[in-house]
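A look at the structure
Letter by letter, the chains look like this.
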Amino acid sequence: EPEVTQTPSHQVTQMGQEVILRCVPISNHLYFYWYRQILGQKVEFLVSFYNNEISEKSEIFDDQFSVERPDGSNFTLKIRSTKLEDSAMYFCASSRDYSSTDTQYFGPGTRLTVL
Amino acid sequence: AQRVTQPEKLLSVFKGAPVELKCNYSYSGSPELFWYVQYSRQRLQLLLRHISRESIKGFTADLNKGETSFHLKKPFAQEEDSAMYYCALIYSNTGKLIFGQGTTLQVKP
């Protein structure tokens, strides 16, 4: 069964550095998402992406964040200048459609640690 | 504002006991709700959705609009049900999922 993959599984970075988190969604899916989960807290929506555009972003997704689908298979989340509070597990998800009849499939997550 | 509340962080039961994981929501439109599960060292995966009215692995959930609840139930818990369970609401225009805090279900032998 096809799965969403994410790399790296764990990223450690210094505060102020740029990081790029990578995701490969399921190949026939058209909708892509990033969520994050700070340790001990709930999973929070960051951004949804369709047709090479952001569909919706949360208030967390400020100018330091960007997403891109550079080559038709990868879907990336970039944090320009990381802060300590960006330390979290970041999940990528994809779906064929955005409706409730369709399932969002999640990747295994990337644990980002900002020192 | 849309919100999902799971009041219990941890629910511990013995094998064979009934289970009810509580979920309440706040949503101005017609809600569409899901339960996701995360087994140890595995990814988040969909368990069931209210629109399908299905039973998966013996779990069921009924949407109660009057009480704004979507509790997850299973009559006889199994040890393999031990996992983290998340209730979620979808904002249909963009697919945004709003999650509750999650409840850890621990089924003891």
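Position numbers for residues count from 1 along each chain, tracking the sequence in the order it is written. Whichever chain is written first becomes A and whichever ligand is written first becomes 1, with later ones labelled in order. Local features in a predicted model are, by the rule used here, given only for residues with pLDDT of at least 70; side-chain atom pairs are given and counted only at 80 or more, and totals for whole chains, interfaces and linings are based on all residues. Only hydrogens and water are set aside; all other atoms, that is, all heavy atoms of the structure, feed into the side-chain values.

1. Side note on the pairing of strand E5 (residues 33–38) of chain B
One face of the sheet, then the other: side chains in a regular strand alternate in exactly this way. Residue and element names in this part refer to chain B. With six of its six residues buried, E5 lies for the most part within the structure. The buried label applies to any residue whose accessible area, calculated with a 1.4 Å probe on protein chains only, is under 20% of its type's maximum; exposed applies above 50%, and partly exposed to all values in between. In this text, helices come from DSSP runs of H or I with a minimum length of four residues, and strands from runs of E with a minimum of two, each type numbered from the N-terminal end. A two-sided burial pattern is seen for E5, the buried positions comprising Leu-33, Trp-35 and Val-37 on one face and Phe-34, Tyr-36 and Gln-38 on the other. Two strands pair under a simple rule: DSSP has to find at least two bridges between them. Examined bridge by bridge, E5 and strand E9 (residues 83–91) share six bridges and lie antiparallel to one another. Paired with Gln-38 across the two strands is Met-84, which belongs to E9. Strand direction decides the pairing type here: E5 and strand E6 (residues 45–49), joined by four bridges, are antiparallel. Bridging across to E6, Val-37 finds its partner in Gln-45.

2. Topic: the packing of aromatic side chains
In this analysis, rings of Phe, Tyr and Trp, with Trp reduced to its six-membered ring, are considered paired at centre separations within 6.5 Å, and the interplanar angle assigns stacked below 30 degrees, edge-to-face beyond 60, and tilted for intermediate values. Under the definition given, this model contains 15 aromatic pairs over all chains. Note on Trp-34 of chain A and Phe-75 of chain A: the rings are 5.9 Å apart at their centroids and 25° apart in plane angle, and the pair reads as stacked. Of the two residues, Trp-34 of chain A sits in strand E4 (residues 31–37) while Phe-75 of chain A sits in strand E8 (residues 75–79), which places them 41 residues apart along the sequence. The residues Trp-34 of chain A and Phe-75 of chain A share a single accessibility class, namely buried. Centre to centre, the rings of Tyr-86 of chain B and Phe-99 of chain B are 6.1 Å apart; their planes meet at 85°, and the pair counts as edge-to-face. Within this pair, whereas Tyr-86 of chain B is found in strand E9, its partner Phe-99 of chain B is found in strand E10 (residues 96–99), the two being separated by 13 residues in sequence. Since its relative accessible area comes to 1%, Phe-99 of chain B is described here as buried. Through pairs of rings, three or more aromatic residues link up here, namely Tyr-33, Tyr-35, Phe-45 and Phe-106 of chain A together with Phe-34, Tyr-36, Tyr-86 and Phe-99 of chain B. Counting as a charge over the ring demands two things of the Lys NZ or Arg CZ atom: a distance within 6 Å of the ring centre and an angle within 35 degrees of the ring normal. We note Lys-108 of chain B situated over the ring of Phe-14 of chain B; from NZ or CZ to the ring centre the distance is 4.5 Å.

3. Observations concerning the pattern of salt bridges
Each salt bridge in this description consists of a side-chain nitrogen of Lys or Arg and a carboxyl oxygen of Asp or Glu lying within 4 Å of one another. Taken as a whole and assessed by the stated rule, the structure comprises six salt bridges over all chains. Put simply, Glu-3 of chain A and Arg-43 of chain B hold a salt bridge, and the shortest N to O gap is 3.5 Å. Of this pair, Glu-3 of chain A sits in the segment before strand E1 (5–7) while Arg-43 of chain B sits in the loop between E5 and E6, placing the two residues on different chains. Between Glu-20 of chain B and Lys-22 of chain B there is a salt bridge, with its nearest N and O atoms 3.1 Å apart. The exposure class of Glu-20 of chain B is partly exposed, given its relative accessible area of 28%. We classify Lys-22 of chain B as partly exposed; its relative accessible area is 30%. Here the residues in one salt-bridge network are Glu-20, Lys-22 and Lys-73 of chain B, joined through shared partners.

4. What to know about the interface of chain A and chain B
The criterion used for residue contact is that any of the two residues' heavy atoms lie within 4.5 Å. Each partner contributes to the interface: chain A provides 22 residues, whereas chain B provides 22 residues. When chain A packs against chain B, the two sides together hide about 2,000 Å² of surface, and 52% of this comes from carbon and sulfur. Linking chain A with chain B are two salt bridges. Between Glu-56 of chain A and Lys-96 of chain B there is a salt bridge; the shortest N-O distance is 3.5 Å. Polar contacts here mean pairs of N or O atoms no more than 3.5 Å apart (in protein, one a potential hydrogen donor and the other a potential acceptor; neighbouring residues in sequence count only if both atoms are side-chain atoms). In this structure, the connection of chain A to chain B is made through eight residue pairs in polar contact (both at pLDDT 80 or more). For the side of chain A that touches chain B, the elements supplying multiple residues, two or more each, are E4, strand E5 (43–50) and strand E6 (53–57) of chain A. Partitioning the side of chain A that touches chain B into residue classes produces nine nonpolar, nine polar and four charged. Accessible-area loss on putting two parts together, using a 1.4 Å probe and summing over both, is the definition of buried area adopted here. Put simply, Ala, Val, Leu, Ile, Met, Phe, Trp, Tyr, Cys and Pro go in the nonpolar bin, Asp, Glu, Lys and Arg in the charged bin, and everything else, Gly too, in the polar bin.

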